[in-house]
Amino acid sequence: MLKKVDSSQLKVGMYIHDLSCDWMTHPFVRNRFLITSYDEIRKILNAGIHDVVIDSSKGLDVQDAPTVAEAQAATEREIVEIVAKAPVQTRVSLGEEMQRAVQIRHQASTLVRTVMQDARLGKAIELDQVQPVVQNITESILRNPGALVGLLRIKTKDDYTFLHSVSVCTLLVAFCRSRNMAADITQQAGLGGLLHDTGKALVPDAILNKPGPLTDEEFAIIKKHPEDGYNILKQTPEIGPIPLDITLHHHERRDGSGYPSKQADDQISELAQMAAIVDVYDAITADRCYHKGMSAAAALRKIYEWSKFHFNPQYAQEFMRCVGIYPVGTMVLLESGRLGVVVEPHETNLLAPKVNVFFHTKKNVYIKPETIDLSRGLGFGGGDKIVGHESPAKWNVDPMRFLTVAV
């Protein structure tokens, strides 16, 4: 049986099923293993891992610990209460913005690729090329945040490094906007998001794209990228303090377990704390060669759980409201058995978005695409509800094909 336990309860002889942390922060080659020494327990605690999932069928048990299902259900009830009511503002329709978003995504990922190549060659970053791209991303978010955010949910292992930077920029701009931050601050935050991983240009590709967990030595090399990126950006005289701060400190954690400076609590700036949440969210929702991406709901559950120690709880909750449980581009299963892709959040109820349905799971056939509004009743364009997320790979469908279906 899988149970969630506090790390302080760990004993030799327990079987770790999940370390409950993002894949780039734990010091173990494997995510699942039998604890055979107190040294392994110390490594877990020193890594800032506060709770884990154990498999009591493969090792010692903790009798009064909740099962994973019980813990998740309790957390999801709290998340629904936090996220359900959140205002959404759009100026244009998804279909109207989508074509521009496709161009911006390509432009931005190409730019990040160029920045990385220049950094490898020791060249300074040319801000006059970067700033217009950040401006384009910001304007797209202002028109309709769902278009670009939805497009950026799809990444391949070949373009992950570049699109991750574009996603962090986009999500950070949306996060700043949802918190009503000043336009100039938002622009600088977006610049920091786009450039935050520049230091990875100096990480060997064999480590960066390794199809499996890293060794201690490889992990130590990866952990140098915030300082490397900071030093690269400092070569550009006109770079501002906000992008430098985000680049250097986006892996810091409020309990002091992060890197490179082990800053804690309010030693970490507001924008670096926001960037940390965005960075982890995008990383754990993306498919990588060594793990499957989580659904938005599962990722928000992790962010919420980790906010007890790693993130500012207030910022975490505000980010959860910003992205919602069902962001645009999410494939969902409805109570009727139909599959659909979320195309538009409801203005006030994020649990009842508009969905383009295109496949019937009970009949295993494509159906005529139509848009349904889950906030409406039967006979009024609604009459259905979401019962869960679905993986496009499971059904071998491309939900992005149906993102802008109109009826």
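It should be emphasised that the depicted structure is a prediction, and the values quoted were computed from it without experimental measurement.

The rules we used
Along each chain, the written sequence defines residue order, and numbers are assigned to residues from 1. Where totals are concerned, whole chains, interfaces and linings use all residues; where local detail is concerned, this predicted model gives features only for residues with pLDDT of at least 70, and gives and counts side-chain atom pairs only at 80 or more. Calculated side-chain values reflect all of the structure's heavy atoms, with hydrogen atoms and water omitted. Any two strands are treated as partners once DSSP identifies two or more bridges connecting them. Helix and strand assignments come from DSSP, with helices taken as H or I runs of at least 4 residues and strands as E runs of at least 2, each series counted from the N terminus. Throughout, an axis means a line fitted to C-alpha atoms (over the contacting stretch in the case of helices), and angles, computed between N-to-C directions, take values from 0 to 180 degrees. For classification purposes, angles smaller than 35 degrees are called roughly parallel, those larger than 145 roughly antiparallel, those between 65 and 115 roughly perpendicular, and all remaining angles oblique. Here a crossing is taken to be left-handed if its near helix is turned anticlockwise relative to the far helix by less than a right angle, and right-handed if that turn runs clockwise. Whether two residues touch is decided by their heavy atoms; if any such pair falls within 4.5 Å, the residues are in contact. Residue polarity is assigned by list, with Asp, Glu, Lys and Arg as charged and Ala, Val, Leu, Ile, Met, Phe, Trp, Tyr, Cys and Pro as nonpolar; anything else, Gly included, falls into the polar class. Only protein chains enter the accessibility calculation, which uses a 1.4 Å probe; a residue whose area is less than 20% of its type maximum is buried, one above 50% is exposed, and one in between is partly exposed. For this analysis, a polar contact is any N or O atom pair within 3.5 Å, provided that within protein one partner can donate a hydrogen and the other can accept it, and provided that sequence-adjacent residues contribute only side-chain to side-chain pairs. Take the buried Ala, Val, Leu, Ile, Met, Phe, Trp, Tyr and Cys residues and link them wherever side-chain atoms come within 4.5 Å; each set so joined is a nonpolar core. For each domain, the first and last residues come from an automatic or database assignment. One fewer than the residue count of a helix, multiplied by 1.5 Å, yields its expected span. Bending is quantified residue by residue as the angle between axes fitted to the seven-residue window ending at that residue and the seven-residue window starting at it. Known as pLDDT, the predictor's per-residue confidence is scaled from 0 to 100.

Taken together, 4 strands build an open sheet; the order of strands is β1-β4-β2-β3 and the sheet is antiparallel. Of all strands in the sheet, those with a lone pairing partner are β1 (2-6) and β3 (33-34), marking the two edges. Sheet topology places β1 next to strand β4 (residues 51-55); 5 bridges connect them, and they run antiparallel. The partner of D6 across the bridge, within β4, is D51.

Before going further, it helps to examine the packing of helix α12 (residues 270-285) against helix α14 (residues 313-323). Packed helix pairs are specified by the crossing angle of their axes together with the interaxial distance, meaning the distance between the axes. Between α12 and α14, the shortest axis-to-axis distance is 10 Å and the interhelical angle comes to 50 degrees. With respect to each other, α12 and α14 are oriented oblique. The crossing of α12 and α14 is right-handed. Two secondary-structure elements touch here, α12 through E270, Q273, M274, I277, V278 and Y281 and α14 through Y315, A316, F319 and V323. Its residues placed into classes, the contact of α12 with α14 shows 8 nonpolar, 1 polar and 1 charged.

Now for the side chain of R254. Relative to the helices and strands, R254 is located in the loop between α11 (241-249) and α12. The exposure class assigned to R254 is buried, which follows from its relative accessible area of 16%. At a separation of 3.3 Å, a polar atom in the side chain of R254 contacts the side chain of D266. Once residues lying within four places of it in the same chain are set aside, the contact partners of R254 are A264, D265, D266, I268, Q273, F309, H310, F311 and N312.

On to unusual backbone geometry, then. Here the amide bond leading from Y259 into P260 is cis, since omega sits at 10 degrees, within 30 degrees of zero. Inspection of the secondary structure assignment puts P260 in the loop between α11 and α12. Positive phi outside glycine occurs at N180, with the angle close to 60 degrees. Here N180 lies in the loop between α6 (160-178) and α7 (183-195). Owing to a relative accessible area of 70%, N180 belongs among the exposed residues under this scheme. Here D265, not a glycine, exhibits a phi torsion of approximately 50 degrees, which is positive.

V130, I137, L194 and Y281 are the most contacted members of the largest nonpolar core, which has 94 residues in total. If one sorts the elements of this core by residue count, α6 sits on top with 11 residues. There are two domains that each give this core at least three residues, and those are domain 2 (94-323) and domain 3 (330-402). Those residues in contact with L194 that sit more than four places away from it in its chain are L111, V112, V130, V133, V134, S165, V166 and C169. In terms of nonpolar packing, the next biggest core, distinct from the first, is built from 15 residues, L10, I44, V52 and I54 among them.

Between its first and last C-alpha, helix α3 (residues 94-120) extends 38 Å over 27 residues, near the 39 Å set by a 1.5 Å rise per residue. For α3, the principal kink sits at R100 and spans about 30 degrees.

Of the residues in the protein chain, 94% have a pLDDT of 70 or more, and the chain-wide mean is 87. Highest mean pLDDT in the protein chain belongs to α11 (98); lowest belongs to helix α2 (residues 68-83) (78).

Our focus in this paragraph is the sheet that holds strand β8 (residues 365-373). Sheet architecture is open: 5 strands sit in the order β8-β7-β6-β5-β9, paired in antiparallel fashion. A single partner strand is all that each edge strand has here, and the edge strands are β8 and β9 (386-389). Put simply, the sheet's adjacent strands are angled 30 degrees from each other on average, direction ignored. As paired elements, strand β6 (residues 338-344) and strand β7 (residues 354-360) share 6 bridges and run antiparallel to each other. The residue of β7 that forms the bridge with V342 is V355.

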